[in-house]
Amino acid sequence: MKNKQAETKLRPTFWRTCRAVMNETRLRLLKAVVESQGKACVVQLAKAVGIDESLASICLRQLNARGLLGVRRERIRVLYNTDHDRSLPDSVAFQEALVKYLRQDLPANWEIDLIRRMKAFTHFNRLAIIIRLAEGPATIAELYDSVGVVVKSLYHHLKYLTGAKLVEVERRYGEGSVIKLLPQDHPVVQTMLRVVLAGAKDGQRYYNPGSGTVDVATRKVLKKIAAAEGNPRANWMNPKPFVPKKGAIPLRNRRALREGA
């Protein structure tokens, strides 16, 4: 019962949904689906984007798994459309905003610009930083206290957040750097912010899977989710230092042994 409650609370992971879209090929396929108005199959979509049918099939299945595309069978053909999956509530508003944006006349290199902006939402620690900054500006020390990641990691995530023009670092004399959330004009980013902040308001938390605060039951659920999303080993969840096998030859010595043989 506890596992079921934890699974309901932790799924879906919005940052993984954003990560699934953050790819030029997938974005172009999504735009091709929007333009076809749900009347194109894998072969037609692959031809429209100019990629292999096998690659198009993989990318479309990934978008469908995150609730961003719908599927309809017509005899032997599988047609993709923009129907979203209502069982993934975090994806609904995001998908609607993305489809509305893709229906417009887009400028050159729109994929790169959108990927750069979405990069801010593709990690659970970045979402935690955004939620904290929505309450007001904060220093590095205050972010460290509220988010709970090391300072080096904070600077790493702030680099992506500033690159996406989502936050601004203001240097104040005698007070150190103050980080604040910037107002957004991009329609997709505005929706993503609303989804994240609405989830935080409803009590959704973004756990650090590598921290010791996650209990055993939740850790099992996280492993199951990782396996379902194509990461069966779940290395991101429980990183372990590399320990060479007993009697193994170090890599730096193998070339010397081959040359001397």
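Read on for an overview of the structure. (Residues numbered from 1 in each chain as written. Predicted model: local features only at pLDDT ≥ 70, side-chain atom pairs only at ≥ 80, totals over all residues. Heavy atoms only, no water.)

### Side note on the overall build of the chain
Counting its regular elements, the chain contains 13 helices and six strands. Across the 261 residues that make up the chain, the buried fraction comes to 44%. A sequence separation of at least 24 residues applies to 60% of the contacts in the chain between residues at least 6 apart. (Helix = DSSP H or I, 4+ residues; strand = E, 2+ residues; numbered from the N terminus. Buried < 20%, exposed > 50% of the residue type's maximum accessible area, 1.4 Å probe, protein only. Contact = heavy atoms within 4.5 Å.)

### Some remarks on a nonpolar patch on the surface
Where nonpolar side chains cluster on the molecular surface, the patch consists of Tyr144, Val151 and Tyr155 and spans about 300 Å² of accessible area. Secondary-structure assignment places Tyr155 in helix 10 (residues 151-163). (Patch = residues over 30% accessible without salt bridge, like charges linked within 9 Å, V, L, I, M, F, W, Y side chains within 5 Å. Areas by Shrake-Rupley, 256 points an atom, 1.4 Å probe, with all protein chains shown as cover. Salt bridge = Lys/Arg side-chain N within 4 Å of Asp/Glu carboxyl O.)

### A closer look at the pairing of strand 2 (residues 70-74)
In terms of strand pairing, strand 2 meets strand 3 (residues 77-81) through five bridges, oriented antiparallel. Counterpart to Gly70 in the pairing with strand 3 is Asn81. Hairpin connection of strand 2 to strand 3: two residues between the antiparallel strands, including Arg75 at a positive phi of 60°. (Pairing = 2+ DSSP bridges.)

### Concerning the packing of aromatic side chains
If you walk through the whole model with that rule in mind, you get two aromatic pairs. Ring geometry for Phe14 against Phe94: centres 5.6 Å apart, planes inclined by 75°, an arrangement best described as edge-to-face. Pair noted here: Phe14 is in helix 2 (residues 14-21) and Phe94 is in helix 6 (residues 89-102), with a separation of 80 residues, a long-range link. Phe94 matches Phe14 in its accessibility class, with the two residues each being buried. For the pair Trp15 and Phe124, a centre-to-centre distance of 5.2 Å together with 70° between the ring planes defines the contact as edge-to-face. With Trp15 in helix 2 and Phe124 in helix 8 (residues 124-134), the pair connects residues that are 109 residues apart, well separated along the chain. Of note, Lys119 hangs over the ring of Tyr160, and the distance from its end group to the ring centre comes to 5.0 Å. Here Lys159 stacks its cationic end above the ring of Tyr160, 5.1 Å away from the centre of that ring. (Phe/Tyr/Trp six-rings, centres within 6.5 Å; stacked < 30°, edge-to-face > 60°. Lys NZ or Arg CZ within 6 Å of the ring centre and 35° of its normal.)

Don't take any of this as a statement about function, it's just geometry.
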